[in-house]
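So the chains spell out like this:
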Amino acid sequence: MTQSKSSLKNQIDVASKRKKADIVIKNGKIVDVFNGEILEGDIAICDGYIAGIGSFEGRETIDAKGKFISPALIDGHVHIESSMLTPTEFANVLIPHGVTTVITDPHEIANVFGEKGIQFMLDDADHVPMDIFVMLPSSVPATSFEHNGATLQAKNLEPFFEHPKVLGLAEVMDYPAVLNAEDQMIDKLLLTKNHTTRIDGHAAGLDENAINVYKAAGIRTDHECVNQDEAKARLSRGMHVLIREGSVAKDLKALIGLVNERNSRRFLFCTDDKHTDDLINEGSVDHNVRLAIQEGLDPITSIQLASINAAECYGLHQKGAIAPGYEANFLILNDLDTFTIQSVFQKGEHIAENGEMINKSVRKVNEDNVISHLLLPKLSPSDFDIKLENNLAHVIEIIPNSLVTKHLHIPVPTVDDHFAFSTDRDLLKMAVIERHQGTGNIGLGIVKGFKIKSGAIATTIAHDSHNLVVTGTHDEDMIVAANRLKDIHGGLVVVQKGEVLAELSLPIAGLISDESALDVNHKLQAIHEALQSIGASDEFNPFLTLSFLSLPVIPDLKLTDCGLFDVKTFQHIHLS
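As the structure is a prediction and not an experimental result, all values here were calculated from the model. (Residues numbered from 1 in each chain as written. Predicted model: local features only at pLDDT ≥ 70, side-chain atom pairs only at ≥ 80, totals over all residues. Heavy atoms only, no water.)

### So, unusual backbone geometry
The condition that has to hold: Working definition: helices are DSSP H or I runs of at least four residues, strands are E runs of at least two. Numbering for both runs from the N terminus. When a residue's accessible area, from a 1.4 Å probe over protein chains only, is under 20% of the maximum for its type it is buried; when over 50% it is exposed; and in between it is partly exposed.
A cis amide bond links Val140 to the next residue, Pro141, at an omega of 5°. Relative to the helices and strands, Pro141 is located in the loop between strand 10 (131–136) and helix 5 (154–157). Here the phi dihedral of Lys451 falls at roughly 65°; this positive angle occurs in a residue that is not glycine. On the secondary structure map, Lys451 appears in the loop between strand 25 (442–448) and strand 26 (456–459). By relative accessible area, which is 37% here, Lys451 ends up partly exposed. Although it is not a glycine, His489 sits at a positive phi angle of roughly 65°.

### Considerations on the UniProt feature "domain: Amidohydrolase-related" (unreviewed entry) in the chain
Convention followed: UniProt positions are given in the numbering used here, feature names are shortened, and annotations may be inferred rather than shown by experiment.
Mapped onto this structure's residue numbering, the UniProt feature "domain: Amidohydrolase-related" (unreviewed entry) falls at residues 68–349. Each end of residues 68–349 is marked by a C-alpha atom, and these two atoms are 18 Å apart; helix forms 34% of the span and strand 20%.

### Concerning the nonpolar core
In plain terms, the rule: We call a set of buried residues a nonpolar core when its members are Ala, Val, Leu, Ile, Met, Phe, Trp, Tyr or Cys and they connect through side-chain atoms within 4.5 Å of each other. For the purposes of this description, domain bounds are those given by an automatic or database domain assignment.
Residues Phe269 and Phe450 are the most contacted members of the largest nonpolar core, which totals 129 residues. Each of domain 1 (71–320) and domain 2 (381–572) accounts for three or more of the residues forming this core. In terms of nonpolar packing, the next biggest core, distinct from the first, is built from 30 residues, Val134, Leu136, Leu152 and Leu206 among them.

### A short note on empty space enclosed by the protein
The test is simple: A cavity here means a set of points on a 1 Å grid, drawn over the protein atoms and nothing else, where a 1.4 Å probe fits but cannot get out; a pocket is an open set with protein on both sides within 12 Å along at least five of seven lines, and a residue lines either one if it has an atom within 4 Å of a point. Grid points are joined across faces, edges and corners, and a volume is the space filled by probe spheres set on the points. For this scheme, ten residues count as nonpolar: Ala, Val, Leu, Ile, Met, Phe, Trp, Tyr, Cys and Pro. Four count as charged, namely Asp, Glu, Lys and Arg, and the remainder, Gly too, count as polar.
All chains considered together, the criterion is met by six cavities of 30 Å³ or more. Approximately 60 Å³ is the volume attributed to the largest cavity. In terms of lining residues, the largest cavity is bounded by 16 residues, among which His79, Glu171, Asp273, Phe548 and Leu551 are the most central. In terms of residue class, the lining of the largest cavity is built from five nonpolar, five polar and six charged. Empty space within the second largest cavity amounts to approximately 50 Å³. Lining the second largest cavity, in full, are Val248, Ile398, Ile399, Ser402, Leu403, Val404, Thr405, Thr545, Phe548 and Leu549. Across the lining of the second largest cavity, the residue classes tally to seven nonpolar, three polar and no charged.

### Observations concerning the pairing of strand 17 (residues 340–346)
Heads up, the rule is: Pairing between two strands is assigned when DSSP locates at least 2 bridges connecting them.
Burial of strand 17 is extensive: six of the seven residues sit out of reach of the surface. Bridge analysis of strand 16 (residues 330–335) against strand 17 gives five bridges, and the strand direction is antiparallel. Each bridged residue has a counterpart across the sheet, and for Leu331 the counterpart in strand 17 is Val344. Hairpin connection between strand 16 and strand 17: a loop of four residues separates the two successive antiparallel strands, and Phe339 in this loop has a positive phi of roughly 50°. Of the pairings in the sheet, the one linking strand 17 to strand 18 (residues 349–353) comprises four bridges and is antiparallel in character. Across the sheet, residue Ser343 finds its bridge partner in strand 18, namely Glu353. Here strand 17 hands over to strand 18 after two residues, with Lys347 in that stretch at a positive phi of 55°.

### Points about the sheet that holds strand 29 (residues 499–505)
Rules: In this description, a line fitted to the C-alpha atoms serves as the axis of each element, helices being fitted only across the stretch in contact, and the angle between N-to-C directions of two axes falls anywhere from 0 to 180 degrees. In this description, contact between two residues means that some pair of their heavy atoms is separated by no more than 4.5 Å.
Taken together, eight strands build an open sheet; the order of strands is 21-20-25-24-27-26-28-29 and the sheet is mixed. The open sheet is flanked by strand 21 (405–411) and strand 29, the only strands paired with a single partner. Shown here is a sheet whose adjacent strand axes are inclined to one another by a mean of 25°, direction ignored. In this structure, strand 20 (residues 392–398) lies alongside strand 21, joined through seven bridges in antiparallel fashion. Within strand 21, the position partnered with Leu392 by the bridge is Pro411. Against the sheet, helix 15 (residues 475–487) touches strand 24 (427–433), strand 26, strand 27 (468–472), strand 28 (491–496) and strand 29, its axis set at about 150° to strand 28. Seen against the sheet, helix 16 (residues 517–533) touches strand 26, strand 28 and strand 29 and runs at an angle of roughly 150° to strand 29.

### With respect to the side chain of Thr560
The line we're drawing: Think of a polar contact as two N or O atoms within 3.5 Å of one another; within protein, one of them needs to be a possible hydrogen donor and the other a possible acceptor, and neighboring residues in sequence only count if both atoms come from side chains.
By the secondary structure assignment, Thr560 is in strand 30 (residues 557–560). Polar contacts involving the side chain of Thr560 include one to the side chain of His572, which spans 3.1 Å. Leaving out residues up to four positions away in the same chain, Thr560 has contacts with Phe145, Glu146, Val432, Gly443, Ser550, Pro552, Phe565 and His572.

### Quick look at helix 12 (residues 285–294)
With eight of its 10 residues buried, helix 12 lies for the most part within the structure. When we look at burial in helix 12, the residues that qualify are Val285, Asp286, His287, Asn288, Val289, Leu291, Ala292 and Ile293. The first or second residue beyond helix 12 is Gly296, which carries a positive phi of 105°.

### A word on the sheet that holds strand 31 (residues 563–566)
Spatial ordering of the open sheet is given by 30-31-32, a layout of three strands whose pairing is antiparallel. Every interior strand has two partners, whereas the edge strands, strand 30 and strand 32 (571–572), have only one. Two elements, strand 30 and strand 31, share four bridges in a ladder whose sense is antiparallel. Note that in strand 31 the partner of Lys558 across the bridge is Phe565.

### Some points on helix 9 (residues 228–236)
Within helix 9, the full set of buried residues consists of Glu230, Ala231, Ala233, Arg234 and Leu235. Contacts from the buried residues of helix 9 go to helix 8 (208–216), strand 13 (221–222), strand 14 (240–244), helix 10 (252–255) and strand 15 (267–270). The distance from a side-chain oxygen at the start of helix 9 to the backbone nitrogen of Asp229 is 3.2 Å, and the residue carrying that oxygen is Asn227.

### Observations regarding the side chain of Asp75
For clarity, the threshold we go by: His is not counted here, nor are the chain ends, while Lys and Arg score as positive and Asp and Glu score as negative. Criterion for a salt bridge: a side-chain nitrogen of Lys or Arg within 4 Å of a carboxyl oxygen of Asp or Glu.
Within the secondary structure, Asp75 sits in strand 8 (residues 73–78). Despite its burial, Asp75 remains without a salt bridge, the nearest opposite charge being carried by Lys274 at 8.2 Å. Setting aside chain neighbours within four positions, we find Asp75 in contact with Val99, Thr101, Val102, Ile103, Phe269, Cys270, Thr271, Ser284 and Val285.

### Things to note about the domain arrangement of the chain
Convention followed: Once two parts are put together, the accessible area they lose, assessed with a 1.4 Å probe and summed over both, is termed the buried area.
Here the chain is described as being made up of domain 1 (71–320) and domain 2 (381–572). Centre-to-centre separation of domain 1 and domain 2, based on C-alpha positions: 26 Å. Between domain 1 and domain 2, the contact holds 39 residues from the first and 46 residues from the second. For the pair domain 1 and domain 2, the summed buried surface comes to about 3,500 Å²; carbon and sulfur atoms form 68% of the total. Between domain 1 and domain 2 we count 15 residue pairs in polar contact (both at pLDDT 80 or more) in total. When residues of the side of domain 1 that touches domain 2 are traced back to their parent elements, those giving at least two are helix 2 (87–94), helix 3 (107–113), helix 4 (115–125) and helix 11 (276–281). Of all the elements, helix 3 adds the most residues to the side of domain 1 that touches domain 2, at six residues. Classifying every residue of the side of domain 1 that touches domain 2 by side-chain character gives 16 nonpolar, 14 polar and nine charged.

Below, the structure written as C-alpha cells:
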C-alpha cells in the first residue's frame, strides 16, 4: 500500500491528537502479536492505516463491545487454481473467513499457458479487496520427465518483477537442478536475488544435506514437512516452516507440537491446495488457527502464525499486526478460543460481516485467451492395456490425506499376461494422457486405495503439468470420462456404465471455472454424491488425491504421461 505525503502527515497528526481519526474502534480487547498479550485501548485509523492505540476521538466510532480484535490473516502459500475459482471469486470466499492477504504461486496455470496464465491471474486479482501477492513459478515445467504446456526461463520471468504484487520466486521443486547448479535454475535464482531475497522451497522428502544445498542456494521456506524431525532440521538451518492444512495434505496435527515460545516466530500457516467446498465449509488459514488452538497451542501464538509471522517472512512490513504504522487490516472476534469471526476490515474498510461479503467483487477480466482445448488422441480400450512380464507389478498405493504415496511391488491379477481390474483387491488402472501438445503420450499404471467399485473418474487437474488423469474399473468408462473432458474444455467428471453422473467444467486452462463460487460448490456437491454412488472412499478427497498422483517431485511412486516414475531414484521404471 503506497502512502502519499499528505497521508503520512495525517497519520502523524492523528497520532499526536492534533486531528480526529477517520475511525476509532473502542471497547475492544486487542491481540498484541508482539508481546503475546491482550491490550485494551482505542484503535485510531487514518487513511487505511493504524495511527495509534490509546485514547482517541474519531469522525466515526465503532463499539467493539468487549470483543477481541485480531490482525487479519495471511495465507503464506496457496495455489488459487486449486480452488477452481478465479482470483475474484476466490477473494469473495476467503475474505469472510478473515483472510485479507495471500501469497500465491500461479504455477498451475503457468504450466498450461506460461506468461499468459500469470498475467491473467495478476489482472483478475487487481481489483479485489484482498491483497493477492505472487511468487513467480520457478519450475515450469516441474521436471523434464513429463510434458506440459509451457516453459518459463529466467528471461520470461524477469518482466514480472516490475509488478508491485510480485514478491519473489515460488517453490523450487526441481532439487536435482539446484544440486547440480544447472544453468537455467541458477539464472532464476540469481534473477530473483537481484530483485528480492524471497525464494520459496519445496523440500519433500529431502534430508539434512539436501536442506544445506537449498539454503546455500538462497531458498528460505518449506511447506512440505510431514513430521517434526523434518521441520526441526529446516528450522536449525534458518528456514521458515509453513504448516500446511489443505484438502489433501493435512500436516498440522503432526507438526504443531513442535511450536514453542522459543521457535514460534519461525512458523507460519498455509493451505497450499484447497477445494472450493472445503474453503466455504471449513475455511482457509482460519481453520488452521482453530485446529492449532484445539491441539493445545496458545490462541495468540496461533494468531501470530497466521498474521505477523507470515507478513515478516514475506517482507510485508505494514501487515500482520495491530500497531501504529500498520495497515488497518483486522478482525473482530466473538470469541478467542473458538476464533469465531464477526467482522472483517481491510485498510480500514468494513468488507465482511458474519460470514458474508458486504459487497462481492465482480470479475472484470476476459478469459478468452486462456480457454483450454484438449489435444487428445483418439482413444480405444487397447490404449489402456497393461502388459506385464509376470504377475508382479509396481503399484501406487494412496496414503489418505497425504501427497506422499507408497511404492508397492506385489502380485496383481492378470488375464493373458495383461493386468485385470480387481475391485475386491482395490486395484484399478490409471492413465495420464498428454493434452497440451498432441503427442499422443499415455502413461499407464496401477493404483490401490480409491475403493471405487464401478465406473471411472477423470480430471485435467493433474499436478503440475496438468495433463488428463483418469482412473477406474473399466476401460470403456475411462474413455467416456476422458472424451467428456475434451468436450467441456477440461474439469472433473464421474462416469458409470458409459453415462456421465456428474461433472464440473473448468474451461480456464482446464483448471478454473468461469462460474461463481456458489455454482462451483453446488456442482462439487453433485460430484461428491456421484463418487459415493460408485463406491469411492470417503476418507479423503478422491479428485484431489488423483490430481497429485501425477506429481513426480513428491515420494514415492507417481505416474506421468511418459510412464511410471520412481521419485526416490528420480527416473521412470517399468511396470513389472
